[in-house]
Amino acid sequence: MLVADDDAMFREMITAVLEGAGYKVLAALDGQEGWDLLRKQGADLAVLDLNMPRKNGLELTRLIRASDKYKDLPVLMLTIRALVEEQISGYERGADDYLTKPFDPKMLIARVRVLERRILPK
Ligand SMILES: [Mg+2]
């Protein structure tokens, strides 16, 4: 699972929560590192912060959707505010779901599990 968030506190919390639930996590400091890690090591789901330097979550999602290998990768986007317009444009650009910060760790796991059900068997 790819986790990209420039906020160290959130990145570490998300990583700990997902690892605690048994997932193997690739943690990236920004969108560019996230894209590099995905291409090098692969992932079957991505949790992406919306606001990040060197490619934000939407720019990274656009790259993912444009790639042959990862176009179907489930993407959960993390936002600070739940702005309706922002979320609609995110869905249009390929995000599968949103979670607004701060969130309960149990909700993160619940959303990840919903997205996992959509992963196509290889
Ligand atoms: Mg951020």
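Report follows, based on the coordinates. Being a predicted model, the structure only gives us computed values, none of them experimental. (Residues numbered from 1 in each chain as written. Predicted model: local features only at pLDDT ≥ 70, side-chain atom pairs only at ≥ 80, totals over all residues. Heavy atoms only, no water.)

## Notes on the overall build of the protein
Now for step 1: When its secondary structure is counted, the protein shows 5 helices and 5 strands.
Now for step 2: Going from the N terminus to the C terminus, the protein shows its helices and strands as β-α-β-α-β-α-β-α-β-α.
Now for step 3: Computed over its C-alpha atoms, the radius of gyration of the protein comes to 13 Å, within 12% of the 14 Å expected for a compact globule of 122 residues.
Now for step 4: Relative to its 122 residues, the protein shows a buried fraction of 47%.
Now for step 5: Residue pairs at least 24 apart in sequence account for 55% of intrachain contacts in the protein once pairs closer than 6 positions are excluded.
Now for step 6: Only carbon and sulfur atoms are counted for the fraction: they give 54% of the accessible area of the protein, which is about 6500 Å².
Now for step 7: Put simply, the protein has 19 plus and 20 minus side-chain charges, and the middle of one group is 4 Å from the middle of the other. (Helix = DSSP H or I, 4+ residues; strand = E, 2+ residues; numbered from the N terminus. Rg over C-alpha atoms; globule rule 2.2 N^0.38 Å. Buried < 20%, exposed > 50% of the residue type's maximum accessible area, 1.4 Å probe, protein only. Contact = heavy atoms within 4.5 Å. Areas by Shrake-Rupley, 256 points an atom, 1.4 Å probe, with all protein chains shown as cover. Lys, Arg positive; Asp, Glu negative; His and termini not counted. Charge placed at Lys NZ, Arg CZ, Asp CG, Glu CD.)

## Here's the deal with the coordination of the magnesium ion
As a benchmark, a tetrahedral metal site with four donors has ideal angles of 109.5 degrees, while an octahedral site with six donors has ideal angles of 90 or 180 degrees.
Now for step 1: Around the magnesium ion, the protein contributes the donor atoms D6 (OD), D49 (OD) and N51 (O), at 2.0 to 2.2 Å from the metal centre.
Now for step 2: On the primary sequence, the residues serving as donors to the magnesium ion are separated as D-x42-D-x1-N. (Donors = N, O, S within 2.8 Å, 3.2 Å for Na, K, Ca; no water.)

## Some remarks on the sheet that holds strand β4 (residues 75-79)
Now for step 1: Strand order in the open sheet formed by 5 strands is β2-β1-β3-β4-β5, and the pairing between neighbours is parallel. The open sheet has two free edges, formed respectively by β2 (26-28) and β5 (97-100), since each of these has just one partner strand. Neighbour-to-neighbour, the strand axes of this sheet turn through a mean angle of 20°, independent of strand direction.
Now for step 2: In the sheet, β4 pairs with β5 via 4 bridges, with the strands oriented parallel. Considered in β5, the bridge of M77 is made with Y98.
Now for step 3: In this fold helix α3 (residues 57-66) packs onto β3 (46-49), β4 and β5, with an angle of close to 170° to the strand it touches most, β4.
Now for step 4: Set on the sheet, helix α4 (residues 84-92) makes contact with β4 and β5; between it and β5 the angle comes to about 145°. (Pairing = 2+ DSSP bridges. Axes fitted to C-alpha atoms, helices over the stretch in contact; angles between N-to-C directions.)

## A short note on helix α2 (residues 31-41)
Now for step 1: For α2, the full list of buried residues reads G31, Q32, G34, W35, L37 and L38.
Now for step 2: Buried residues in α2 make contact with β1 (2-4), β2 and α3.
Now for step 3: Structurally, the start of α2 carries an N-cap: the backbone nitrogen of Q32 is 3.1 Å from a side-chain oxygen of D30. (Polar contact = N/O pair within 3.5 Å; in protein donor to acceptor, adjacent residues only side chain to side chain.)

## Notes on the pattern of salt bridges
Now for step 1: This model, assessed by the stated rule, comprises 7 salt bridges.
Now for step 2: R111 is paired through a salt bridge with D97; the nearest N and O atoms lie 3.3 Å apart. One end of the pair, R111, is in helix α5 (residues 105-116); the other, D97, is in strand β5, and 14 residues separate them in sequence.
Now for step 3: Residue R111 is classed as partly exposed on the basis of its relative accessible area, which comes to 23%.
Now for step 4: For D97, a relative accessible area of 15% translates into the label buried. (Salt bridge = Lys/Arg side-chain N within 4 Å of Asp/Glu carboxyl O.)

## Describing the environment of L58
Now for step 1: Checked against the element boundaries, L58 lands in helix α3.
Now for step 2: When the C-alpha atoms of L58 and Y91 are compared, they prove to be 9.4 Å apart, with 33 residues separating the residues in sequence.

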